[in-house]
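# Descriptive analysis of the structure
Here is how the chains run, residue by residue.
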Amino acid sequence: MATTPTRLSKQARREQLLDTAAAIVRARGADGLTLVTLAEEAGVSRPIAYDHFATRPGLLLALHRRLDERHRAAITRALRDSAPGAGEVARVISTAYFACATDMPELGAVSAALKGNPEMEAIQHELTDSYADLMATALLPHSGLAPQALRLRCVGLLGAA
């Protein structure tokens, strides 16, 4: 059991709990993550874990969102730091997108644990839209396609991925 400061702001405590949750999933898989194991590993009482996430699906959804935000930020940084050119932009997007599988294996595990969850289905649509927009925006200056046609191709690439 890790020892943690007893007085953290609500947001700092949530971040600490999500860090701990990611570590649990990385070490034991998504099946090893419950609100009870989270509380034990984070060194907090069970009511604190329940206060932040209410249910296991709530915890998994919060963790999924956080991991996805980090993944999207990595893609955005990679695009910002890349040389211009359609080939380079496409390479940066695909490299950063697939690096997720090796850099954040817990994202796939959490996604799998949430299969069939109606809230997750809505989030998946939201994330697909967001990634398609990110990709289309980066590729548009290098494409002769109309913006909507390019975006549809990006959605297709995400579906294939």
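As the structure is a prediction and not an experimental result, all values here were calculated from the model.

## Comments concerning the overall build of the chain
- Across its full length, the chain holds eight helices and zero strands.
- Sequence-ordered secondary structure for the chain, helices as α and strands as β, is α-α-α-α-α-α-α-α.
- Judged by the C-alpha coordinates and their principal axes, the chain covers about 55 × 35 × 25 Å.
- The buried share among the 161 residues of the chain stands at 38%.
- The long-range fraction of contacts in the chain, counting pairs at least 24 apart against all pairs at least 6 apart in sequence, stands at 63%.
- Of the roughly 8,900 Å² of accessible surface on the chain, 58% is carried by carbon and sulfur atoms.
- In the chain, the 18 positive side-chain charges and the 17 negative ones have mean positions that sit 2 Å from each other.

## Quick notes on helix α2 (residues 35–42)
- Leu35, Thr37, Leu38, Ala39 and Ala42 are the residues of α2 that are buried.
- Check the buried side of α2 and you find it contacts α1 (10–28), α3 (46–53) and α4 (56–81).
- Positive backbone phi, at 75°, marks Gly43, one or two positions downstream of α2.

## As for the packing of aromatic side chains
- Inspection of the entire model under this criterion finds two aromatic pairs.
- Judged by centre distance (5.4 Å) and plane angle (85°), the ring pair of Tyr97 and Phe98 falls under edge-to-face.
- When its relative accessible area of 24% is taken as the criterion, Tyr97 is described as partly exposed.
- Taking 5.7 Å as the distance between ring centres and 85° as the angle between the ring planes, the aromatic pair formed by Tyr97 and Tyr131 counts as edge-to-face. Taken as a pair, Tyr97 in helix α5 (residues 86–103) and Tyr131 in helix α7 (residues 118–139) lie far apart in primary sequence, 34 residues in all.
- On the basis of relative accessible area, Tyr131 is assigned to the buried category, the value being 6%.

## Thoughts on the confidence of the model for the chain
- Across the chain, pLDDT averages 88, with 94% of residues at or above 70.
- Ranking the elements of the chain by mean pLDDT puts α5 last, at 81, and α2 first, at 96.

The rules behind the values
- Residues numbered from 1 in each chain as written.
- Predicted model: local features only at pLDDT ≥ 70, side-chain atom pairs only at ≥ 80, totals over all residues.
- Heavy atoms only, no water.
- Helix = DSSP H or I, 4+ residues; strand = E, 2+ residues; numbered from the N terminus.
- Buried < 20%, exposed > 50% of the residue type's maximum accessible area, 1.4 Å probe, protein only.
- Contact = heavy atoms within 4.5 Å.
- Areas by Shrake-Rupley, 256 points an atom, 1.4 Å probe, with all protein chains shown as cover.
- Lys, Arg positive; Asp, Glu negative; His and termini not counted.
- Charge placed at Lys NZ, Arg CZ, Asp CG, Glu CD.
- Phe/Tyr/Trp six-rings, centres within 6.5 Å; stacked < 30°, edge-to-face > 60°.
- pLDDT = per-residue confidence, 0-100.

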